Amino acid sequence: MTEWLDLNKAVMSAIARGELEEADALLPLLEGEARVRGEKQLVCNSHFTRGLVRDAQRRYREAEEAFEDCLALDERLHGRDSVSAADTLHSLGLVRASQDDHEGALAASRRAAEIYRAKQPFQLTHALSTVASRLLKLERFAEALAAYDDALASARKEPKTPHHDVARCLLGAGEVLRQRAWFPEAFSKLAMATQMARPNMWPTLADCVTRAWYTLGIVSCYGLQNSRTQAALAFWYALVPGAAPEVIRAASAQLMEMPEREHCVGDRGTFRLVYRDDADNLHVASAAHGLFHLVQPLDAAPGDAVDVELENGRAVRVSAR
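Right, let's walk through the structure included here.

Thresholds, definitions, all that
Residues numbered from 1 in each chain as written. Predicted model: local features only at pLDDT ≥ 70, side-chain atom pairs only at ≥ 80, totals over all residues. Heavy atoms only, no water. Pairing = 2+ DSSP bridges. Helix = DSSP H or I, 4+ residues; strand = E, 2+ residues; numbered from the N terminus. Core = buried A, V, L, I, M, F, W, Y, C linked by side-chain atoms within 4.5 Å. Buried < 20%, exposed > 50% of the residue type's maximum accessible area, 1.4 Å probe, protein only. Contact = heavy atoms within 4.5 Å. Phe/Tyr/Trp six-rings, centres within 6.5 Å; stacked < 30°, edge-to-face > 60°. Polar contact = N/O pair within 3.5 Å; in protein donor to acceptor, adjacent residues only side chain to side chain. Salt bridge = Lys/Arg side-chain N within 4 Å of Asp/Glu carboxyl O. Expected span 1.5 Å × (residues − 1). Bend = angle between axes of the 7 residues up to and from the residue. Axes fitted to C-alpha atoms, helices over the stretch in contact; angles between N-to-C directions. Parallel < 35°, antiparallel > 145°, perpendicular 65-115°, else oblique. Left-handed = near helix turned anticlockwise from the far one by under 90°.

1. Description of the pairing of strand β4 (residues 306-311)
Working step 1: Inspection of the sheet shows β4 paired to strand β5 (residues 314-320) by six bridges, in the antiparallel sense. For Asp307, the partnering residue across the bridge sits in β5 and is Ser319.

2. Here's the deal with the nonpolar core
Working step 1: Counting residues in hydrophobic clusters, the biggest one holds 74 residues, and the most contacted among them are Trp213, Phe235 and Leu291.
Working step 2: For this core, the element with the most residues is helix α11 (residues 203-222), which contributes 10 residues.
Working step 3: When neighbours within four sequence positions are excluded, Phe235 is seen to be in contact with Tyr214, Gly217, Ile218, Ala251, Gln254, Leu255 and Met258.
Working step 4: If you look at the next biggest cluster of nonpolar residues, it comprises 12 residues, including Leu273, Phe292, Ala300 and Val308.

3. A short note on the environment of His102
Working step 1: You can see His102 is positioned in helix α6 (residues 102-119).
Working step 2: With near-sequence residues (within four places) excluded, His102 lies in contact with Ala97, Lys137 and Leu138.

4. Description of the packing of aromatic side chains
Working step 1: Across all of its chains, the model carries five aromatic pairs by this definition.
Working step 2: Three or more aromatic residues joined by ring pairs make a cluster, and in this case those are Trp213, Trp236 and Tyr237.

5. Quick word on the side chain of Ser286
Working step 1: Assignment of secondary structure puts Ser286 in strand β2 (residues 281-286).
Working step 2: On the basis of relative accessible area, Ser286 is assigned to the buried category, the value being 0%.
Working step 3: At 3.1 Å, the side chain of Ser286 forms a polar contact with the backbone nitrogen of Ala288.
Working step 4: When sequence neighbours within four positions are dropped, the list of residues in contact with Ser286 reads Trp213, Tyr237, Arg268, Gly269, Thr270 and Phe271.

6. Observations regarding the pattern of salt bridges
Working step 1: Summed over all chains, the structure comprises 24 salt bridges.
Working step 2: Of the charged contacts, one joins Glu143 and Arg110 as a salt bridge, the two residues approaching to 3.5 Å between their closest N and O atoms. Of this pair, Glu143 sits in helix α8 (residues 141-157) while Arg110 sits in helix α6, and the two are 33 residues apart along the sequence.
Working step 3: One salt bridge in this structure joins Arg117 and Glu114, with 3.1 Å as the shortest N-O distance. Separated by three residues within a single helix, Arg117 and Glu114 lie in helix α6, roughly one turn from each other.
Working step 4: The class for Arg117 is partly exposed, based on a relative accessible area of 33%.
Working step 5: Overall, Glu114 belongs to the partly exposed group, its relative accessible area being 44%.
Working step 6: Where salt bridges share partners, they join Arg61, Glu64, Glu65, Glu68 and Arg96 into one cluster.

7. Thoughts on helix α2 (residues 20-37)
Working step 1: The first and last C-alpha atoms of α2 sit 26 Å apart over 18 residues, in line with the 26 Å expected at 1.5 Å per residue.
Working step 2: The sharpest bend along α2 measures roughly 30 degrees and falls at Leu26, with the proline Pro28 sitting one to four residues further on.
Working step 3: All buried positions along α2 are accounted for by Ala23, Leu26, Leu27, Leu30, Glu31, Gly32, Glu33 and Ala34.
Working step 4: Buried residues along α2 sit against α1 (2-17) and α3 (40-56).
Working step 5: At the C-terminal side of α2, Gly38 shows a positive phi close to 70 degrees.

8. Let's talk about the packing of helix α5 (residues 83-98) against helix α7 (residues 124-137)
Working step 1: Between α5 and α7, whose axes approach to 12 Å, the crossing angle comes to 20 degrees. If you check the angle between α5 and α7, you find them roughly parallel. Of the two possible hands of crossing, α5 and α7 adopt the one that is left-handed. Taking contact as the criterion, the partners of His90, Gly93, Leu94 and Ala97 in α5 are, on α7, His126, Thr130 and Arg134.

Here it is, written out as structure tokens:
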């Protein structure tokens, strides 16, 4: 087993470094070692590794065939409802989506989600969010939103659900609502996604939060009235470490066209008043904590720094500086 494990680690390391020719050259050795040992589980795992290499090479049809071979053997060894089968189904969905086979990707992702629902509930929010993203690609908006609602309900039930999976789910739901032009509802989901921010965010969480800020800026700029200051600050909050290059480019381009960018100076972690109306509805935002809604009188103008009292992750009081 040790030699197969060492070879598999070497293939994975080569993929991570982008040395795909090296990874490809190692595959025959990996698969040969599995055959020599005569262990079906190693043969199964070798199919999976081949799928990862072909996926990295963008040889998606070959990757799909490798994952299908892995799945067939996995189901014989462990059953159709095993977690290992669900993991393979997830990868199969990814390579089908890369070939624009969104129906095929949806079928694989749905099967994976139902296995996780029964066997590993802490993975269900991620799996259902993947199902929802497939439905969104197919413009089946009502079904996508229902899947995101199911994913959020799962997260509330399962305390082991990863934090970034919840953020991804909220971001996805906000995007569905944005595409349906249900802007207040989209705004609410995206604001909740920004509230998932942490002082030191790991890459997956930082990506979700910065994308939520960017999309919130789009909704504020083009979907809601009197929210230009809010939009400018949301675009600015997207321009932090961890943001994807395409998010940085898009947010920067939006911001450069806005006179309201004059507010985008100083510490992004400081709370600012970003919106208010005549009924004392207030939005306050900080890149470090997210965007919150309160109802109270306040002697401050949009763009002003304010002090915000938080309790259990919720803004409960705001005061002018």
